[in-house]
Amino acid sequence: KYDPAVVEFLAEQFSGAIIEAWQKRAPAKLASGVLDIPDFIRNRTRNAPVDSAANFCVVQQNAGAKCILMRYSAHPTVCGERMTDFSAEYPGAFRREVEKETGTEAIYMGGAVGSMGPHPPDVPGEAAAQVEAMGQGLACRLIAGMGELKFEDTVDIASFVFHFGMPQFQIRPMSPISANLSKSAPKDSESVEMSELGAFPSAPHGCPGRELPTGVGATVGSPPRSPRRVLQ
């Protein structure tokens, strides 16, 4: 059941976090990288490729405070559809392990997800044990793979838009809701617009537009080379 109080609560939490971060901003430096971690991800719909990239960045204030951010594309659904409680799932276990081992605040971001499902280690016990094993496994791979970090105190900020066509909407009208969705879905000839904002060369979310050449099914703005902005 829709509850407007939930919307108001979420809006207050999000805006409050943004305002607090802005008020506490300070000079900092940033390092980034990408790891290939295919062990913990699978294509949950068919035998097809997966997005096994784990993009990460480390932000460290000049005063010493540090934060590690990583994005990975596996849906946090180790527990399966029968588990209906609120849960941080394996991203929560990942954060706890990173913070325990490094003493550094950790943030997890979902990647492209889509058809990407989790592939947790085969450990004895309930699904909760697999959740912990997957989160801890990702954390260990990240910590081991970060290596020597190359920090920068300035980054380029860029935004761009690209367009791509959509195939026929694939949904079986099993209910009035899904039937209405199919009517409003984009047709083959329609184009969808995607916007991106990124810090170059870091862009920890690994936006796909960075890999597309201008004029090949996309309109991509080149990252500006000036002015450069001090990272805060």
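Everything below is about the structure printed above this text.
Analysis parameters
- For every chain, the first residue of the written sequence is number 1, and numbering continues from 1 along that sequence.
- Owing to the predicted nature of the model, reporting of local features is limited to residues with pLDDT of at least 70; listing and counting of side-chain atom pairs is limited to 80 or more, with chain, interface and lining totals taken over all residues.
- Remark: hydrogens and water are excluded; side-chain values derive from all non-hydrogen atoms of the structure.
- Secondary structure elements follow DSSP: runs of H or I no shorter than four residues count as helices, runs of E no shorter than two count as strands, and numbering proceeds from the N terminus.
- Burial here depends on accessible area, computed with a 1.4 Å probe over protein chains only, as a share of the maximum for the residue type. Under 20% is buried, over 50% is exposed, and the range in between is partly exposed.
- By definition, residues are in contact when any of their heavy atoms lie within 4.5 Å.
- All accessible-area figures derive from a Shrake-Rupley calculation using a 1.4 Å probe, and residue coverage is judged against the displayed protein chains alone.
- Definition of a polar contact: a pair of N or O atoms within 3.5 Å, with one able to donate and the other able to accept a hydrogen when the atoms are protein atoms, and with sequence-neighbouring residues admitted only if both atoms are side-chain atoms.
- For Phe, Tyr and Trp, rings pair up if their centres lie within 6.5 Å, where Trp contributes its six-membered ring, and each pair is then called stacked (planes under 30 degrees apart), edge-to-face (over 60) or tilted (otherwise).
- We define the nonpolar core as a collection of buried residues of types Ala, Val, Leu, Ile, Met, Phe, Trp, Tyr and Cys that are connected through side-chain atoms lying within 4.5 Å of one another.
- Patches were defined on residues exceeding 30% relative accessible area and lacking a salt bridge, with like-charge contacts within 9 Å and nonpolar side-chain contacts (Val, Leu, Ile, Met, Phe, Trp, Tyr) within 5 Å.
- Salt bridge, as used here, is a side-chain nitrogen of Lys or Arg placed within 4 Å of a carboxyl oxygen of Asp or Glu.

Caption draft 1: View of the overall build of the chain. Helices and strands together make up the secondary structure of the chain, namely four helices and nine strands. Put simply, the chain runs from its N terminus to its C terminus through helices and strands in the order α-β-β-β-β-α-β-β-α-β-α-β-β. Here the chain holds 232 residues, and the buried ones make up 29% of them. Pairs at least 24 apart in sequence give 70% of the contacts found in the chain among residues at least 6 apart. Surface accessibility of the chain: about 15,000 Å² in total, with carbon and sulfur atoms responsible for 56%.

Caption draft 2: Representation of the side chain of H75 within the structure. Assignment of secondary structure puts H75 in the loop between strand 4 (66-72) and helix 2 (89-102). Among the polar contacts listed, one links the side chain of H75 to the backbone oxygen of G114, at a separation of 3.1 Å. In this structure, H75 is in contact with R44, Y90, V113, G114, M116, G117 and P118, ignoring residues within four places of it in sequence.

Caption draft 3: Main features of the packing of aromatic side chains. One pass over the structure, following the stated rule, counts two aromatic pairs. Geometrically, the ring pair formed by Y90 and Y108 is edge-to-face, given 5.7 Å between the ring centres and 85 degrees between the ring planes. Placement of Y90 in helix 2 and of Y108 in strand 5 (residues 105-110) is noted, with a sequence separation of 18 residues between them. Ring plane angle 70 degrees and centroid distance 5.9 Å describe the contact between F94 and Y108, whose orientation is recorded as edge-to-face. With F94 in helix 2 and Y108 in strand 5, this residue pair connects regions lying 14 residues apart in the sequence. For F94, a relative accessible area of 1% puts it in the buried group.

Caption draft 4: Main features of the nonpolar core. M70, Y72, Y90, F94, M134, L138 and L142 are the most contacted members of the largest nonpolar core, which has 24 residues in total. Mapped onto this core, the elements with two or more residues apiece are strand 3 (53-61), strand 4, helix 2, strand 5 and helix 3 (127-146). Considering each element in turn, this core owes the most residues, six residues, to helix 3. Contact partners of F94, with chain neighbours within four places excluded, come to M70, I107, Y108, G135, L138, A139 and L142.

Caption draft 5: Structural context of a nonpolar patch on the surface. Together, V6, F9, L10 and F14 give the surface a local cluster of nonpolar side chains, amounting to about 390 Å² of exposed area. Summarising the element assignment, L10 is placed in helix 1 (residues 4-23).

Caption draft 6: Structural detail: the environment of L35. By the secondary structure assignment, L35 is in strand 1 (residues 28-36). Given the relative accessible area of 16%, L35 is considered buried. Residues L35 and Y72, spaced 37 residues apart in sequence, show a C-alpha to C-alpha distance of 10.0 Å. When near neighbours in sequence (up to four residues on either side) are disregarded, L35 contacts S52, A53, A54, F56, R141, L142 and G145.

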